[in-house]
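# Coordinates in review
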Amino acid sequence: MSQLTVRQQFAADFFAAWSVAVDGVTGTYTSPIGESKTVSALVDIGTDQFGDDASSVSINSIHLAFLVEEVTPEQFATVLIDGQRYTLVQRLPQSLSGIATDDAVSVWSAQL
């Protein structure tokens, strides 16, 4: 079994287990050209901290993680999850909770 296969299987197992724990993680992904499909997605909402001194700045941040085997996310695509629509802005190296972008998972910043 290749390393890629192991990472993809681990990611799929994690998404499935998380889906059971939170009663579903599916949404509708719509590409910038209007093609829609159902995908698994994890929503990570928190804050990004810039600076580590008395004048540091925090901003609210939304990160979405996708299984690459289900979808190749694109900038400005939208994802509808639990009635909330997110627009993908930028691919990220990792989510707020540390889920890393690799060849099994793609993490994106999003805006409402």
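Below: a short report on this structure. (Residues numbered from 1 in each chain as written. Predicted model: local features only at pLDDT ≥ 70, side-chain atom pairs only at ≥ 80, totals over all residues. Heavy atoms only, no water.)

Another point: the overall build of the protein chain. Scanning the protein chain from terminus to terminus reveals one helix and six strands. When the elements of the protein chain are put in sequence order from the N terminus, they spell out α-β-β-β-β-β-β. Along the three orthogonal principal directions, the C-alpha set of the protein chain runs to about 50 × 35 × 25 Å. Taking all 112 residues of the protein chain together, 33% fall into the buried category. Across the protein chain, contacts joining residues at least 24 apart in sequence account for 52% of those joining residues at least 6 apart. Working note: accessible area of the protein chain is about 6,800 Å², and carbon and sulfur atoms make up 53% of it. (Helix = DSSP H or I, 4+ residues; strand = E, 2+ residues; numbered from the N terminus. Buried < 20%, exposed > 50% of the residue type's maximum accessible area, 1.4 Å probe, protein only. Contact = heavy atoms within 4.5 Å. Areas by Shrake-Rupley, 256 points an atom, 1.4 Å probe, with all protein chains shown as cover.)

All right, on to a nonpolar patch on the surface then. Together, Phe10, Phe14, Trp18 and Val22 make up an exposed nonpolar region whose accessible area comes to about 420 Å². With respect to the element layout, Trp18 can be found in helix H1 (residues 3-22). (Patch = residues over 30% accessible without salt bridge, like charges linked within 9 Å, V, L, I, M, F, W, Y side chains within 5 Å. Salt bridge = Lys/Arg side-chain N within 4 Å of Asp/Glu carboxyl O.)

With that out of the way, let us pick up the pattern of salt bridges. If you walk through the whole model with that rule in mind, you get two salt bridges. Note that Arg7 and Asp102 form a salt bridge whose closest N and O atoms lie 4.0 Å from each other. Here Asp102 lies in the loop between strand S5 (84-92) and strand S6 (105-111) and Arg7 lies in helix H1, a separation of 95 residues in the sequence. The closest approach of N and O atoms between Arg7 and Asp103, which form a salt bridge, is 2.5 Å. Highlighted residues: Arg7 in helix H1 and Asp103 in the loop between S5 and S6, separated in sequence by 96 residues. Looking at Arg7, the relative accessible area reads 27%, which means it is partly exposed. Accessibility expressed as a relative area gives 34% for Asp103, which makes it partly exposed.

Turning our attention to the sheet that holds strand S1 (residues 26-30). The pairing of strands in a sheet happens through backbone hydrogen bonds and is either parallel or antiparallel. Strand order in the closed barrel formed by six strands is S1-S2-S3-S6-S5-S4, with antiparallel pairing between adjacent strands. Along the sheet, successive strands turn relative to each other by an average axial angle of 45 degrees, direction set aside. (Pairing = 2+ DSSP bridges. Axes fitted to C-alpha atoms, helices over the stretch in contact; angles between N-to-C directions.)

In terms of strand pairing, S1 meets strand S4 (residues 78-81) through three bridges, oriented antiparallel. Note on S4: the bridge partner recorded for Thr30 is Thr78. Across four bridges, the pairing between S4 and S5 is antiparallel. If you follow Val79 over to S5, its bridge partner there is Tyr86. Where S4 folds back onto S5 in an antiparallel hairpin, the turn is made up of two residues, including Asp82, whose phi is positive at roughly 50 degrees.

Turning our attention to the pairing of strand S3 (residues 57-67). When strand S2 (residues 36-50) meets S3, the two strands line up antiparallel, connected through ten bridges. Looking at the pairing, Leu42 lines up with Ala65 of S3. With antiparallel pairing between neighbouring strands as the criterion, S2 and S3 make up a hairpin whose turn holds six residues, including Gly51 at a positive phi of roughly 95 degrees. Strand direction decides the pairing type here: S3 and S6, joined by six bridges, are antiparallel. Residue pairing for S6: Leu64 is matched across the bridge by Trp108.

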